[in-house]
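# Summary of the model geometry
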Amino acid sequence: MLNRALLYLRRKNKRTVLLFILLFFISFSLAVGVAVWGSINMVTQEVQNVLGTSFVIKPPVVDTENSQLFKSVDLQNGSTVKVYTGPRINQELLNSIKQIDGISSYNAENEVYISVKDLALMTGCWGAGYELGYNDSDWRETIEYNFGEWGGLEFYRLKASQTLVYGNTDTELYSNFRAGAFELVEGRHISADDSQKALVSDELAELNDFKIGDTITLNLLGVNMRRYDKISENFGETELEIVGIYHVNGYQPTGINVDETDITYNWILTDIETVEALNHLWNANYYQDYIPESYYTNLTFFVDDPAQLETVVERVKNSDIPNIDFFQISLDDTMYKSTVEPLKSIRNVVTGLTMAIIAGCVIVLLIVFTMWVRSRRQETAVYLSLGIGKAKILGQFMLEAVIVAAVALAVALPVSVPVSNAVGNRMLAHTLAEAQPEEKSYTDEELYQAALNGKMSELFAYDSGSYAGPEHIAFSLGLKEILLLIALELLIVAAAVCKGGWFLVTLEPRKIMTMMS
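To start, this report covers the structure provided alongside it. (Residues numbered from 1 in each chain as written. Predicted model: local features only at pLDDT ≥ 70, side-chain atom pairs only at ≥ 80, totals over all residues. Heavy atoms only, no water.)

## Overview of the packing of helix 4 (residues 125-135) against helix 5 (residues 137-147)
Here is the rule we go by: Interaxial angle, 0 to 180 degrees, is taken between N-to-C directions of lines fitted to C-alpha atoms, where a helix line uses only the stretch in contact. Where helices and strands are cited, they refer to DSSP runs of H or I of at least four residues and of E of at least two residues respectively, numbered from the N terminus. By definition in this entry, angles of less than 35 degrees are roughly parallel, angles greater than 145 are roughly antiparallel, angles of 65 to 115 are roughly perpendicular, and the rest are oblique. By convention, the crossing between two helices is left-handed when the near helix turns anticlockwise from the far helix through less than a right angle, and right-handed when the turn is clockwise. Contact criterion: two residues are considered in contact whenever any of their non-hydrogen atoms come within 4.5 Å of each other. The classification used treats Ala, Val, Leu, Ile, Met, Phe, Trp, Tyr, Cys and Pro as nonpolar, Asp, Glu, Lys and Arg as charged, and all other residues, Gly among them, as polar.
For the pair helix 4 and helix 5, the least separation of the axes is 5 Å and the interaxial angle reads 120 degrees. Considering their axes alone, helix 4 and helix 5 lie oblique with respect to each other. The way helix 4 lies across helix 5 gives a crossing that is left-handed. Contact residues: Trp126, Gly129, Leu132, Gly133, Tyr134 and Asn135 in helix 4; Ser137, Trp139, Arg140, Ile143 and Phe147 in helix 5. For the contact of helix 4 with helix 5, the class distribution of residues is six nonpolar, four polar and one charged.

Right, dumping it as structure tokens:
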């Protein structure tokens, strides 16, 4: 069979060359696709293992009508409000979880809304409204009519000085920094050992001429606690030292349709101790005879070995820590979104293209081999008349194709590697460029409609994140990819030859000879 196959290939050298060219193109295309797919798959797994190092604990969504979790308490202004009294993400929970084997570090977060009377903030709806009311009597009249019982124009002025103060035990582990949404451009991060320290945005620093080492004063005013009977009264203050300046990557809307507290440029990042002290002061002057326990909005825990992340999470879930089943525990996808997803998008595109190439190859080879086998009807009849079995005839056709395919693959493999590198890294560069935060701008009407429909948060692009994976990949074919490539080629060739030669081997020699006459 081998001798007959080699003899045919030598005798029909022009046809052999044409088949070689076709199979070389198929081998080359498949090799590039498999090389890019395999390398991207390997890098994706490596990045997932490196970046998938944390899990998050958050409070669940609860029904405010649940009397077991809520109760009514009196406020300083004489009214009442429902407060949550159920399990909290507190220091006791943190201490218990961090003792579990495999956990290396953590970041606890909390927040408070506070005023900065002596600072200039990026103007939002309250500041813009105040300017309009101050300079326009009609606007002032409207403000006094709608907000007169809360202080009117003075209420707008005080609200314009309110911002979000966000506390972390370690700002370097804060999700916005890890995702690349925030970037430290000067100074240092805040750690668990710090007290009364602050990070401010470069926009806020420029607006107020801040530099590292300067201090800012936070004021707890009546307006922060909705104490509209004493909106301008100062219930306490604290001074923070600026130790770092961060940059916000991406688009941030400002102006009359955005609350000052939603403008990330205005945020002040500080240590957890400062936020706890401010919250305690806030609660003492807001509630009447009631002080809630200290708690965190969420906790992020990091593990020693990324491969053991899910195992550590299961240990936490199955532990005997009180109320552990009450909280939401999930793997942290902060870095996954900004790094693994771009890689997976490339892998998915390459998978789709490779499947399309395979489908195209099968169709082309079916046509080619059908024509090839049909042209050998007389030869097939002779083989049958000599007593050579149909399976052996089909096997010879298969062997001829496999020999040519093997040579084509051997030539295509070394050629495909540099092309795979060029194609793969070009796709990577394009995907990373697409994944970067876009420079956006919106008209006042678009901002107004977003604010009116409660969709303002959808316009914020600062959390688009940044890529933390490799910017260049050495695309290559490993043993697994080569074996996969060989299997694919054999499968394609076998399918094409069997389909093309099937009708011949079902015929008798006499009938074939009759068809030739």
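## A word on the packing of aromatic side chains
Using the following cut-off: Any two rings among Phe, Tyr and Trp, with Trp reduced to its six-membered ring, count as a pair given centres within 6.5 Å; such a pair is stacked if its planes are under 30 degrees apart, edge-to-face if over 60, and tilted if neither. Think of it in three bands: residues with accessible area under 20% of the maximum for their type are buried, residues over 50% are exposed, and the middle band is partly exposed, with areas taken using a 1.4 Å probe on protein chains only.
On inspection of all chains with the given rule, the structure shows 27 aromatic pairs. When the centroid spacing of 4.9 Å and the interplanar angle of 75 degrees are considered together, the rings of Trp126 and Tyr156 count as edge-to-face. With Trp126 in helix 4 and Tyr156 in helix 6 (residues 153-159), this pair connects stretches of sequence that are 30 residues apart. The exposure class assigned to Trp126 is buried, which follows from its relative accessible area of 14%. In this structure Tyr156 comes out as buried when scored by relative accessible area, which is 11%. An angle of 20 degrees between the planes, with centres 4.9 Å apart, marks the rings of Phe182 and Tyr246 as stacked.

## Quick look at the environment of Tyr290
With respect to the helices, strands and loops of the structure, Tyr290 is situated in the loop between helix 9 (272-286) and strand 11 (298-303). For Tyr290, a relative accessible area of 15% corresponds to the buried category. For Tyr290 and Val73, which are 217 residues apart along the polypeptide, the C-alpha to C-alpha distance reads 7.2 Å. Look past the residues within four positions of Tyr290 in its chain and what remains in contact with it is Lys71, Val73, Val83, Tyr84, Thr85 and Asn283.

## Quick look at unusual backbone geometry
Unlike most non-glycine residues, Arg226 shows phi in positive territory, near 60 degrees. By the element assignment, Arg226 lies in the loop between strand 8 (215-221) and strand 9 (234-248). The class of Arg226 is partly exposed, set by a relative accessible area of 43%. The phi dihedral of Asn323 falls on the positive side, at around 65 degrees, and the residue is not glycine.

## Let's talk about the pairing of strand 9
Keep this limit in mind: For two strands to pair, DSSP has to find at least two bridges joining them.
Pairing analysis gives five bridges linking strand 6 (residues 182-187) to strand 9, with the strands arranged antiparallel. In the strand pairing of strand 9, Phe182 is matched with Val248. Two strands pair when backbone bridges link them, and strand 7 (residues 197-201) and strand 9 are joined in this way by five bridges, in the parallel orientation. Considered in strand 9, the bridge of Leu199 is made with Gly244.

## Notes on the environment of Gly187
With respect to the element layout, Gly187 can be found in strand 6. Separated by 26 residues in sequence, Gly187 and Gly213 place their C-alpha atoms 9.3 Å apart. Residues in contact with Gly187, not counting those within four places in the same chain, are Ile212, Val243 and Gly244.

## Some points on the pattern of salt bridges
What counts here: A side-chain nitrogen of Lys or Arg and a carboxyl oxygen of Asp or Glu constitute a salt bridge if their distance falls within 4 Å.
Scanning the entire structure with this criterion turns up eight salt bridges. Salt-bridge contacts for Glu154 lead to Arg157; the nearest nitrogen and oxygen are separated by 2.7 Å. Of the two residues, Glu154 and Arg157 are both situated in helix 6; the distance of three residues between them amounts to about one turn of the helix. A residue is classified by how much of its surface remains accessible, and Arg157, at 37% relative accessible area, is partly exposed. Residue Lys197 is joined to Glu241 by a salt bridge in which the shortest nitrogen-to-oxygen separation is 2.6 Å. In this pair, Lys197 is assigned in strand 7 and Glu241 in strand 9, connecting sequence segments 44 residues apart. By relative accessible area, Lys197 is classed as buried at 18%.

## Remarks on the nonpolar core
So the rule is basically this: Think of a nonpolar core as a cluster: buried Ala, Val, Leu, Ile, Met, Phe, Trp, Tyr and Cys residues, connected wherever their side-chain atoms sit within 4.5 Å.
Among the nonpolar cores identified, the biggest contains 29 residues, and Val165, Val200, Phe210, Ile216, Leu218, Ile268 and Tyr287 are the most heavily contacted of them. Sorting the residues of this core by element identifies strand 4 (103-115), strand 7, helix 8 (202-208), strand 8, strand 9 and helix 9 as the ones contributing at least two each. In contact with Phe210, other than residues within four places in its own chain, are Leu119, Val200, Leu204, Ala205, Thr215, Ile216 and Ile242. Judged by nonpolar contacts, the second largest core, of 27 residues, contains Leu22, Leu23, Ala405 and Val493.

## Some thoughts on the environment of Val185
Along the chain, Val185 falls in strand 6. According to the relative accessible area criterion, Val185 is partly exposed, its value standing at 46%. C-alpha of Val185 to C-alpha of His247: the two residues are 62 residues apart in sequence and 6.4 Å apart in space. When neighbours within four sequence positions are excluded, Val185 is seen to be in contact with Ile245, Tyr246 and His247.

## Section: the pairing of strand 4
Summarising the sheet, strand 4 and strand 11 pair through six bridges and their orientation is antiparallel. Bridge assignment links Glu109 to a residue of strand 11, and that residue is Asn298. Bridge analysis of strand 4 against strand 5 (residues 162-168) gives seven bridges, and the strand direction is antiparallel. Residue pairing across strands places Ile114 opposite Thr163, the latter belonging to strand 5.

## Concerning helix 9
The condition that has to hold: Any helix carries an expected span of 1.5 Å times its number of residues minus one.
For helix 9, which comprises 15 residues, the first-to-last C-alpha distance of 21 Å matches the rise-based estimate of 21 Å (1.5 Å per residue) to within 8%. When helix 9 is considered as a whole, its buried residues turn out to be Ile272, Thr274, Val275, Leu278, Asn279, Trp282, Asn283, Asn285 and Tyr286. Of the surrounding elements, those touching the buried residues of helix 9 are strand 4, strand 5, strand 8, strand 9 and strand 10 (268-271).

## Some words on a nonpolar patch on the surface
Stated precisely, the cut-off is as follows: Residues enter patches when their relative accessible area tops 30% and they take part in no salt bridge; the joining distance is 9 Å for like charges and 5 Å for the nonpolar side chains Val, Leu, Ile, Met, Phe, Trp and Tyr. To be clear on the numbers: accessible area is Shrake-Rupley with a 1.4 Å probe, and residue cover counts the displayed protein chains and nothing else.
A surface patch of nonpolar side chains, about 380 Å² in accessible area, is lined by Leu479, Leu483, Ile486 and Leu490. For Ile486, a relative accessible area of 34% corresponds to the partly exposed category.

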